Every structure is written in structure tokens, then in C-alpha cells.
Amino acid sequence: MALELRMEVMMTWSMIKTSVDVVYIGTINQEHLGHIKLALNAGKPVLCEKPLCLYPTQTQEAVSLAKNKKLFLMEGIWSRFYPAQLRLRQELDMGTIGDPILIQANFCVSIPAEFRTTGGGAIHGLGIYPLQLANYVFQDTPITVAGSGHCQDGVDVAVGWTATYSNGRAAHLFVSLTVDASNEAIIYGTKGHIKLGQLCHSPTQLTTPKETLDFPLPKSSMMGNYWNPTGFSYEANEVRRCLQDGLLECPSVPHVETVNLSKWMEVLHKQIGTLHSEH
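Chains are numbered independently. Their residues run from 1 in the order of the written sequence. In keeping with the predicted nature of the model, local features appear solely for residues at pLDDT of at least 70, side-chain atom pairs appear and are counted solely at 80 or more, and the whole-chain, interface and lining totals rest on all residues. To get the side-chain values, all heavy atoms of the structure are used, and hydrogens and water are removed first.

Student: Can you help me understand the nonpolar core in this one?
Tutor: Inside soluble globular proteins, nonpolar side chains tend to come together where they are buried. Here, nonpolar core refers to any group of buried Ala, Val, Leu, Ile, Met, Phe, Trp, Tyr and Cys residues whose side-chain atoms link them within 4.5 Å. Exposure classes here rest on a 1.4 Å probe applied to the protein chains alone. A residue is buried below 20% of its type maximum, exposed above 50%, and partly exposed in between. Grouped together as the largest cluster of nonpolar side chains are 53 residues, with contacts concentrated most on Met74, Leu88, Ile103, Val137, Trp161 and Leu196. Residues are treated as being in contact if the distance between any of their heavy atoms lies within 4.5 Å. Met74 has contacts with Val46, Leu47, Cys48, Leu52, Phe81, Glu235, Val239, Cys250 and Val253, leaving out every residue within four places of it along the chain. Grouped together as the second largest cluster of nonpolar side chains are 18 residues, Val23, Leu33, Leu40 and Val63 included.

The following block contains the structure:
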């Protein structure tokens, strides 16, 4: 059954006080905190694109405001709701590859220099995807993160890092704004491996030791300006479910993980020398 989703572009922030059920924020990263505060202070639930904010202090401020207002707030990590990634969770829980030990993932997309900004470099723009995948697979947060990378005009454009987890587990992750790559993710376990196919941040294919499974995207007559744009409907459906159930945060993207992801991205920025002032 197809779900028709109606989205409106709000011409003024005062308009959100009327007929809007939830505000989606997809502005540039530097503006997220201000727009989150505007929406929450207007009494509206918020779905905000990743990264929720640029700094852990900002992220915690947004989360605290939502809790004080008793309003829903969610970081838009749409990958968590793709059928292929949900099936990945099922395969891992069934022990298809035994205990997951190692993850190799990359997200590399060639982006013209004029579209790179200090708030939208490789770490904040792309790095959150492989890092959240590692957390999702291991159902844990890193113990250490060690990375290095290249910068151009103060913007991180290529970054690789190793995240270590408890019990000898690790993730080797790489992101780049300068080259197109396979953008696959492979999860190695004690009994085999599973691969998320091309564009592992919005996967439509999963390969297990026994079969390759395809998950076609919803159809739409509307044009999109992003990879797999109709996949946003999976995330939108989850937000609707959370609101209908009266939840203040999404169980699949809890506030504690959003804050944790922000902290580790700040660590990476410090390691490669691209930590910018909050002001």
C-alpha cells in the first residue's frame, strides 16, 4: 500500500505555529541548532537532518530543550529505516555470520569544491553514516577512535579512521569528498560475512552467505535531487509512528546515541585539525 506524504515549505517560521504536525529541518549544518530551537519553542516536534548539530555542546542543548518542552526530536539518520538495513539486523540476530568482529565501510562522493563548507566537510557530511552503521552492527559505542585525513581550505575532504569496540571488535571506515568509490559495507563475523551493496548509507541490496536480496525503493512521479530520494519515506513513516505512539525520541535513533556520535565526530575533527569555533 502506497503512502502519500505531504510536505510544505514554510515561508515564515510563524507559520509553523498553525497547521504543521512536525517540522523537518534540512538547512545547512551551521543553522541546525537555531532552527531546532525555533521549531521547539513554537511547540512543534522536530526531525532534523544529520548531523543534528556541529558540536556536542550544541547537540546536548537541542536534546535538553526538547526534553524540557516534552517534544519529539530526532536526528535524521535515514539509513536505520531502510528495509535492507532492517534485514541486516535480523540476519545478525539470527547468527547468520556468527559474532560480528570487523566492519569495513566507506562513503566517497566527488563534490565540487564550491559546495564544501566548514560545516559540511567529509566528517559531518558523510562520516556519520559509516560510524552509525558500526554502532548499529555492534550495538555498542566505540572505545577509541583514531583517524587521519586531508584538508583543503580548512575543510576536511578525506578522512579514514579505526573505531575499536569491546571484545576485540573494530571498524575501518573511510569517507571522501574528492572521489567516487564503491560505497559498500562488509561485516565480517566468526562464521562468514554480509555485504550492504552500493550506497550503503541508503542500501537497496544485501548479500548474505546464502543469497543476494534486493529491496526496491518506493515509486514516485516526483523528481529528487539526492540519491534514492524516495527512501526518505521510510524515515517519515517512523517519525509518524513515534508521534502516534506519543514518543519523545525514536528508539532506533535515541538521543544518547546522537550525542555520542557528535562527541566522536568532534574527536576526529581534533585529530585532523579541523575543529572550528562554535561562535
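Student: Any chance you could explain helix H5 (residues 232–244) here in plain terms?
Tutor: Residues that lie three or four places apart on an α-helix share one face, since the helix turns once every 3.6 residues. Numbering goes from the N terminus for both helices and strands, where a helix is a DSSP run of H or I of at least four residues and a strand is a run of E of at least two. Helix span, expected: 1.5 Å multiplied by one less than the number of residues in the helix. Here H5 spans 18 Å end to end across 13 residues, near enough to the 18 Å set by a 1.5 Å rise per residue. Buried residues of H5: Ser233, Tyr234, Glu235, Glu238, Val239 and Cys242, and no others. Turning to H5, the residues buried within the fold contact strand S2 (46–49), strand S3 (73–76) and helix H3 (83–93). After H5 finishes, the residue Gly246 shows a positive phi value of roughly 75 degrees.

Student: Would you mind showing me how to read unusual backbone geometry here?
Tutor: Most peptide bonds adopt trans geometry, and most residues besides glycine take a negative phi value. Note that the residue after Lys50, namely Pro51, is joined by a cis bond; omega there is -15 degrees. Mapped onto the elements, Pro51 comes out in the loop between S2 and helix H2 (56–69). In this model, Asn183 sits at a positive phi of 55 degrees, which is unusual for a non-glycine residue. Looking at where Asn183 falls in the secondary structure, it is placed in the loop between strand S7 (170–176) and strand S8 (185–189). Looking at Asn183, the relative accessible area reads 3%, which means it is buried.

Student: I would appreciate a short explanation of the packing of aromatic side chains in the present structure.
Tutor: Any aromatic ring pair is given by two values, namely how distant the centres are and how the planes are angled relative to each other. Whether two aromatic rings pair depends on their centres lying within 6.5 Å, for rings of Phe, Tyr and Trp, where Trp uses its six-membered ring; planes under 30 degrees apart make the pair stacked, over 60 edge-to-face, and the rest tilted. Overall, the coordinates contain six aromatic pairs when judged by the stated rule. Considering the side-chain rings of Trp78 and Tyr82, the 5.2 Å spacing of their centres and the 90 degrees angle between planes classify their relative orientation as edge-to-face. Across this residue pair, the class does not change: Trp78 and Tyr82 are buried. Relative to Tyr165, the ring of Phe138 lies with its centre 4.8 Å away and its plane at 55 degrees, an arrangement referred to as tilted. Within this pair, whereas Phe138 is found in helix H4 (residues 122–138), its partner Tyr165 is found in the loop between strand S6 (155–164) and S7, the two being separated by 27 residues in sequence. By the burial criterion, Phe138 is buried, and Tyr165 matches it. An aromatic cluster of at least three residues, connected via ring pairs, comprises Trp78, Tyr82, Phe232 and Tyr234. One Lys or Arg, Arg89, reaches over the ring of Tyr136 and ends 5.5 Å from the middle of that ring. Both a distance and an angle decide whether a charge sits over a ring: NZ of Lys or CZ of Arg must be within 6 Å of the ring centre and within 35 degrees of the ring normal.

Student: How should I be thinking about H2 in this particular structure?
Tutor: Between its first and last C-alpha atoms H2 spans 20 Å; for 14 residues at 1.5 Å apiece the expected length is 20 Å, and the two agree. Those residues of H2 that fall on the buried side of the exposure criterion are Pro56, Gln58, Thr59, Ala62, Val63, Leu65 and Ala66. Against helix H1 (32–41), S3 and helix H6 (255–272) lie the buried residues of H2. Looking at the residues trailing H2, positive phi occurs at Lys70, about 55 degrees.

Student: Is there a simple way to think about the packing of H4 against H6 in this case?
Tutor: Each pair of packed helices gets described by two things: the angle between the helix axes and the distance between those axes. In the contact formed by H4 and H6, the axes pass within 10 Å of each other and the chain directions differ by 125 degrees. It follows that H4 is oblique to H6 by the angle criterion. The two elements H4 and H6 meet at a crossing, and its hand is right-handed. Of H6, the residues touching H4 (which contributes Ile123, His124, Ile128, Leu131, Gln132 and Asn135) are Glu257, Asn260, Leu261, Trp264, Met265, Leu268, His269 and Ile272. Ten residues, namely Ala, Val, Leu, Ile, Met, Phe, Trp, Tyr, Cys and Pro, are considered nonpolar, four, namely Asp, Glu, Lys and Arg, are considered charged, and the remaining ones, Gly among them, are considered polar. Counted by class, the contact of H4 with H6 contains eight nonpolar, five polar and one charged residues. Axis definition: a line fitted to C-alpha atoms, over the contacting stretch in the case of helices. Angles run 0 to 180 degrees between N-to-C directions. Note on terminology: angles under 35 degrees are roughly parallel, angles over 145 are roughly antiparallel, angles of 65 to 115 are roughly perpendicular, and the others are oblique. The sense of a crossing depends on the near helix, which, turned anticlockwise from the far helix by less than a right angle, makes the crossing left-handed and, turned clockwise, makes it right-handed.

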